[in-house]
4 protein chains.
Amino acid sequence: MSGNRAAVLHAPRTIRVEDRPVPRLGPRDVLVEVRAVGVCGSDVHYYEHGRIGRYEVVSPLVLGHEASGVVVDLGPEARAHSVGDRVALEPGVPCGRCRECRAGRYNLCPYVHFLATPPHDGAFARLVAIHEDFAHALPEMLSDEAGALLEPLSVGLWACWKGQVTAGTDVLVTGAGPIGQLAAQTALALGARRVLVTDLEPRRLAFAQAHGAETMDVREGFPGARGTEADVLLECSGNENALVDGIRALRPAGRAVCVGMGPDVQATVPLAVIQERELVLTGTFRYANTYPAAIALAASGRVDLDGLVSARFDLESTERALRAMHDDPGTIKAMVYPSDGGSGR
Amino acid sequence: MSGNRAAVLHAPRTIRVEDRPVPRLGPRDVLVEVRAVGVCGSDVHYYEHGRIGRYEVVSPLVLGHEASGVVVDLGPEARAHSVGDRVALEPGVPCGRCRECRAGRYNLCPYVHFLATPPHDGAFARLVAIHEDFAHALPEMLSDEAGALLEPLSVGLWACWKGQVTAGTDVLVTGAGPIGQLAAQTALALGARRVLVTDLEPRRLAFAQAHGAETMDVREGFPGARGTEADVLLECSGNENALVDGIRALRPAGRAVCVGMGPDVQATVPLAVIQERELVLTGTFRYANTYPAAIALAASGRVDLDGLVSARFDLESTERALRAMHDDPGTIKAMVYPSDGGSGR
Amino acid sequence: MSGNRAAVLHAPRTIRVEDRPVPRLGPRDVLVEVRAVGVCGSDVHYYEHGRIGRYEVVSPLVLGHEASGVVVDLGPEARAHSVGDRVALEPGVPCGRCRECRAGRYNLCPYVHFLATPPHDGAFARLVAIHEDFAHALPEMLSDEAGALLEPLSVGLWACWKGQVTAGTDVLVTGAGPIGQLAAQTALALGARRVLVTDLEPRRLAFAQAHGAETMDVREGFPGARGTEADVLLECSGNENALVDGIRALRPAGRAVCVGMGPDVQATVPLAVIQERELVLTGTFRYANTYPAAIALAASGRVDLDGLVSARFDLESTERALRAMHDDPGTIKAMVYPSDGGSGR
Amino acid sequence: MSGNRAAVLHAPRTIRVEDRPVPRLGPRDVLVEVRAVGVCGSDVHYYEHGRIGRYEVVSPLVLGHEASGVVVDLGPEARAHSVGDRVALEPGVPCGRCRECRAGRYNLCPYVHFLATPPHDGAFARLVAIHEDFAHALPEMLSDEAGALLEPLSVGLWACWKGQVTAGTDVLVTGAGPIGQLAAQTALALGARRVLVTDLEPRRLAFAQAHGAETMDVREGFPGARGTEADVLLECSGNENALVDGIRALRPAGRAVCVGMGPDVQATVPLAVIQERELVLTGTFRYANTYPAAIALAASGRVDLDGLVSARFDLESTERALRAMHDDPGTIKAMVYPSDGGSGR
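## Looking at the interface of chain B and chain C
Here is step 1: Listed per partner, the contact involves 17 residues of chain B and 17 residues of chain C.
Here is step 2: With both chains or domains summed, chain B and chain C bury close to 1200 Å², and 44% of this area falls on carbon and sulfur atoms.
Here is step 3: Interface area lost by chain B to chain C is led by Arg97(B), Arg102(B) and Asp133(B), which between them contribute 56%.
Here is step 4: Run the count over chain B and chain C and you get 8 residue pairs in polar contact (both at pLDDT 80 or more).

Take a look at the structure:
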């Protein structure tokens, strides 16, 4: 298998699996044979609508940005890895020079190259090139899937850091998809006192409960009801009601972190509550400097990544993978295996 | 003059000037003969409506919480001041014991005694008692009016601290009332690069400009238009449009601080912008640990308090003072002088 | 048993167990029948030398400040607890009014009343009075010993917070006494990637290893040797060499937190290293706002307090308890049980 | 004048002015004709000793890193400036990729190219090449000298930021050389309440006093004597006694920032004081993200850079410039003018 087989989005709901050229390597790039790629809600959104907000798919695009693999070639100045090393891909490579990069906020770099964000191709492909410093060595005890899922774990960890979760913090997580699950597990790994996860899908709530969280079915109550109080809200559903109820449940000086993105670009929030309690409302956009910590959390078993995977597909079945969530709402995470004929592990 | 003459709110738009008992002193209280009291928008609101949100005037109430005066008596354990000392009153005395107090957020203490917030009487009176640690020694170079206006200066300083204003920060101040003016001057005193103040009252804009700010009449444009960008928004108008335009004008990682309180308890904000740029939206509720710094800013001339005063009234004319803003929208700050027959200085 | 039996230090190495008056209660105090008290190194130091630095025992003093017990009486305004409630004592009650208290640094309050710090008596006694807000409700799953050991856990947690330990942090703990052990366990509970504990007592190192840390016998190497690197040093031995080696082992922007107090009031530190790497060197003095989080860490089993206890004494044997560490260097924590005749649990 | 005339250090105390090749430009570099270069203490140290700590001059080296000039050529991808633009050079260009760069601490980048730090040549030369993002546009109101002195201003600003100087902060600056002067002025521009500068050179103290600071001749007292207290120490002398006295003068939770580098790599500090007051001791290594703020401080007149210049030299006289401080200890800052025959302005 010497070409670069890839699943390419040509139009909304139209994926074709094709041979693409092998990526050219920059001086410090590594070429990675992709072993596992997670399907993210943003992939599904591009697949269904051909755009997310101002990002529009105008020419054929390879989706997929939660990826791990094996190094198979090195650019001429790449020194960090050897051929054969297993790596997790941090999918956004920033410019390293702009105002945001210089301030350590490289996730906000306007010049970032991010896998599967137009016009940059992603990882539903056999081969991907990436700067060596954004390929993170994967310890042996982490599976290929875990390597791929360091990406959503990074999202969850970033949210916890923005929310300043530490020992004794009470955390409310609204939305029990993959991000919500990983945010909840990470909060506990950072010392949170109590983590309450809300959703309406029983299997998701059961998964959260099995991983140490308390849970609430939002059809039977809402956060803030029954005197529930929290120091931090990690809003992972993109639902405006969840945000509003969550804010109301916060104690003075609490933090509301918006991780999920809903269909609307605006939200009506209880401003008087924010003012009287001096709450902080903020949002996350990807993450920065999370991978080393995420690897440690997963490698020590404090966060369970493998357990999230509930559906597996080979590259030829990428389109089915993108539909898996809709076909079965209990699906937490679908994975695509681009380089091994779909047998998984 | 030995009694405690006071202007008492009996019903909306009904103030009667009466003799009240001399306040009893707690062990560490000082008795202060009030020299100058500023009229705040909240006083006006109580006067007109008899309530602010959940705070309702149910029995007769003395308004006024921006005050300075002279110590005329001491509680048995008070040691910080002597009779004859000039002091500025920090009007909120917290419990010192609760969760918020122990965390240094004493402004959020649910047990606070705050002057002129029901059921606690305020300072439109000849005499007020206050815990000695919340009576701050007033340096000679500060006038009685300046002593009183350390209170709104504290609000402005607290907003700047919440917004993390420092050298090089670009600040947008929406609303050029007393708080907006003092927030703008404080931002410059903290090293801000550029401070843009918006309002629609020409005299207020002129005052801001004379004190180092750039200005914009909101009828002729809005912040964020013409590529205006800021790191910090200090929203001092309580106007939802100002908040929304201001948020849109923020750079990545910017801070939006809601100081002004509008008529509505909620606001519709551009959440996608907050998320994509990882903005922080927060609000201020009074202030904590600001008085020593506020005194230093005013005493060194870096902030001009005296210049704010545009109308002066004796205690018998308190009701006219409370109407001054409505009678002349160019009024920035009206002052009441409870202890000297209204001659001012 | 109605009196207040207490172990009283009359002179260095001279403890007499005597009947003392029952403490008088302030308005919001609770009277606590003490169930378990840990022996701290500072108790031992007072016992042996009659002083610690500027704190000198000039009149007979009851030692002991790591305590838990049962509420047996209430001051007239105390509402937080009921008679019969089990509580852990936070031994320092600050003034709530001074500059430090108002800033949330109540551990630095110069007016604090701290158990067993002259001239305030401590808890090697049947009965102790304390302000209700510094008596923390003890959950059922926590033993009396655990309740007492929340105090050293607070010291360890405060050190971790000062060091900004979070997910991915590599931590070096020098000194495996009770504080070092609890600092190490807490660091792991906050998400630390790797915790390396150094000491020279094999049983202490074994205890640390059994609780998740890596260990190093300082006679066989030193931190920083073998390329060891850390983000945070928690110096819990009071040994100058440990501090110096630990600082040298820190990565750029690392934090060195001095918890242990050595015999000298000064130390020679590698200043050029601190400058070139922009390290932060700081120290801890007691703790603030730690108890709720410490209770949660212990109650969830993330930190093991009971396992620390290696020797038990009744009140009459307090002097033996104070000598236990010297008699057997493998002793991690000796406990005194003032109210039950010494049967322990 | 088409060559690249440069003052080259061949051995300690041996400078030869020679023609060097015109620097080659990287894709995003700009070529700058140098107009003004300040003489820094580190230049003097290299000149006298041929090394600073582990940095050793092994082949001929051009010194000088405080520089401004005019853009005379552009690399093929440089877009930020045009030929003819006046720029200030931020002399350290980091890699943009390493752990430190990604965290926003680019001053700690181990791969940084820093002007005049072996093996990288500096700016005592007619022409220097630098990455366009580290050439900062110089506003019209700033002189060439001011452009050069943004570098030491950055050092002073970074120290103030590390010390968290803001409104109300009391600051002690030990050492009134250029860095101490600029740190003191910056502290005032950030709102400091009181800035006390110590030195033993009367002209330096007079300069500090003329710029708003209080001063103390260290032969007549020392900081901390007479009850002097501070929140922040900015140690700019490299003197161990100054550091020790300064630490002792700090209030609880104060910050001691070591800016000056002394002859020794270690220092004996009052550790018990650091612990009891929970002080923070740290150091600065260059600066990060300071230039935009430094430009604003200077352009608004809040910091006086031009006034520092007390001696002027043409390029041929570079060696005399390097000796100016020793020849006259009242010299605050000597400048070299590489491109105009030495006429200065």
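Text resumes after the structure shown.
## Observations concerning the relation of the copies chain B and chain C
Note that the two copies of the chain are related through a rotation about an axis and a translation along the same axis.
Here is step 1: With an RMSD of 0.0 Å, the fit of chain B onto chain C corresponds to turning through 180° and sliding 0.0 Å along the axis. Expressed as an axis order, the relation between the two copies is that of a two-fold axis. Rotation axis and chain B: the residue whose C-alpha lies nearest the axis is Gly104(B), separated from it by 1.7 Å.

## A few points about the side chain of Gln275(D)
Here is step 1: Counting through the fold element by element, Gln275(D) comes out in helix 7 (residues 271–276).
Here is step 2: Polar contacts involving the side chain of Gln275(D) include one to the main-chain carbonyl oxygen of Cys258(C), which spans 3.2 Å.
Here is step 3: Once you skip the residues sitting within four places of it in the chain, Gln275(D) turns out to touch Cys258(C), Val259(C), Gly260(C), Met261(C), Gly283(C), Thr284(C) and Phe285(C).

## Topic: the state of the cysteines
Residues and elements named next belong to chain D.
Here is step 1: For the structure shown, the criterion picks out 0 disulfides over all chains.
Here is step 2: We note that Cys95 lacks a disulfide partner, and the nearest cysteine sulfur, in Cys109, lies 3.8 Å from it.
Here is step 3: Cys236 carries a free sulfur, and the closest cysteine sulfur to it, the one in Cys160, is 8.6 Å from it.
Here is step 4: With a relative accessible area of 15%, Cys236 lands in the buried category.

## Considerations on the environment of Pro178(C)
Residues and elements named next belong to chain C.
Here is step 1: Residue placement: Pro178 occurs in helix 4 (residues 178–189).
Here is step 2: Distance from Pro178 to Thr331, taken between C-alpha atoms, is 9.5 Å for residues 153 residues apart in sequence.
Here is step 3: Non-local contacts of Pro178, meaning those with residues more than four positions away in its chain, are made with Ile332 and Lys333.

## Section: the interface of chain B and chain A
Here is step 1: Of the residues lining the interface, 37 residues belong to chain B; the matching set on chain A comes to 37 residues.
Here is step 2: Between chain B and chain A, the buried area comes to about 3100 Å², and carbon and sulfur atoms account for 54% of it.
Here is step 3: Among the residues chain B hides against chain A, the three largest losses belong to Gln275(B), Glu276(B) and Glu278(B). Together they make up 23% of the total.
Here is step 4: Linking chain B with chain A are 6 salt bridges, by the criterion used here.

## Let's talk about the relation of the copies chain B and chain A
Here is step 1: At an RMSD of 0.0 Å, chain B and chain A line up after a rotation of 180° and a shift of 0.0 Å along the axis.
Here is step 2: Mapped onto chain A, 100% of the interface residues of chain B again fall at the interface, so both copies present the same surface.

## Some details on the sheet that holds strand 6 (residues 61–62) of chain C
Here is step 1: Spatially, 3 strands are ordered 2-1-6 (chain C) in an open sheet, and the strand pairing comes out antiparallel. Either end of the sheet is taken by a strand with one partner, and the two such strands are strand 2 (14–20) and strand 6 of chain C.

## What about the pairing of strand 17 (residues 230–235) of chain C?
Residues and elements named next belong to chain C.
Here is step 1: A large share of strand 17 lies buried, amounting to 6 of its 6 residues.
Here is step 2: In this structure, strand 13 (residues 170–174) lies alongside strand 17, joined through 4 bridges in parallel fashion. Directly across from Val171, in strand 17, lies its bridge partner Val232.
Here is step 3: Pairing geometry for strand 17 and strand 18 (residues 250–258), over 5 bridges, is parallel. Paired with Leu233 across the strands is Ala256, a residue of strand 18.
Here is step 4: The parallel pair strand 17 and strand 18 is bridged by helix 6 (residues 240–248), and the resulting crossover is right-handed.

## Brief notes about the packing of helix 3 (residues 144–162) of chain B against helix 8 (residues 291–299) of chain B
All names here are of chain B.
Here is step 1: Contact geometry for helix 3 and helix 8: axes closest at 9 Å, N-to-C directions at 105°. Compared by their axis directions, helix 3 and helix 8 come out roughly perpendicular. On helix 8, the residues that touch Leu150, Glu151, Leu153, Ser154, Leu157 and Trp161 of helix 3 are Tyr291, Ala293, Ala294, Ile295, Leu297 and Ala298.
Here is step 2: Each residue belonging to the contact of helix 3 with helix 8 can be placed in one class, and the counts come to 10 nonpolar, 1 polar and 1 charged.

## Thoughts on the domain arrangement of chain A
Residues and elements named next belong to chain A.
Here is step 1: Here the domain parsing of chain A yields domain 1 (4–149 + 305–337) and domain 2 (156–283).
Here is step 2: For domain 1 versus domain 2, the distance between C-alpha centres works out to 28 Å.
Here is step 3: Contacts between the two partners involve 12 residues from domain 1, matched on the other side by 8 residues from domain 2.
Here is step 4: Both faces considered, domain 1 and domain 2 share a buried interface measuring about 820 Å² in area, 66% of it formed by carbon and sulfur atoms.
Here is step 5: If you sort the residues of domain 1 by the area they bury against domain 2, Leu308, Gly330 and Ile332 come out on top, with a joint share of 50%.
Here is step 6: At the junction of domain 1 with domain 2, the criterion picks out 1 salt bridge.
Here is step 7: In this structure, the salt-bridge partner of Asp328 is Arg203, at a minimum N-O distance of 2.9 Å.
Here is step 8: For the interface between domain 1 and domain 2, the tally reads 2 residue pairs in polar contact (both at pLDDT 80 or more).

Rules used in this analysis
- Residues numbered from 1 in each chain as written.
- Chains lettered and ligands numbered in written order.
- Predicted model: local features only at pLDDT ≥ 70, side-chain atom pairs only at ≥ 80, totals over all residues.
- Heavy atoms only, no water.
- Contact = heavy atoms within 4.5 Å.
- Buried area = accessible area lost by both parts, 1.4 Å probe.
- Polar contact = N/O pair within 3.5 Å; in protein donor to acceptor, adjacent residues only side chain to side chain.
- Least-squares fit on C-alpha atoms with pLDDT ≥ 70 in both.
- Helix = DSSP H or I, 4+ residues; strand = E, 2+ residues; numbered from the N terminus.
- Disulfide = S-S within 2.5 Å.
- Buried < 20%, exposed > 50% of the residue type's maximum accessible area, 1.4 Å probe, protein only.
- Salt bridge = Lys/Arg side-chain N within 4 Å of Asp/Glu carboxyl O.
- Pairing = 2+ DSSP bridges.
- Right-handed = clockwise from strand over helix to strand, strands pointing away.
- Axes fitted to C-alpha atoms, helices over the stretch in contact; angles between N-to-C directions.
- Parallel < 35°, antiparallel > 145°, perpendicular 65-115°, else oblique.
- Nonpolar A, V, L, I, M, F, W, Y, C, P; charged D, E, K, R; others polar.
- Domains from an automatic or database assignment.

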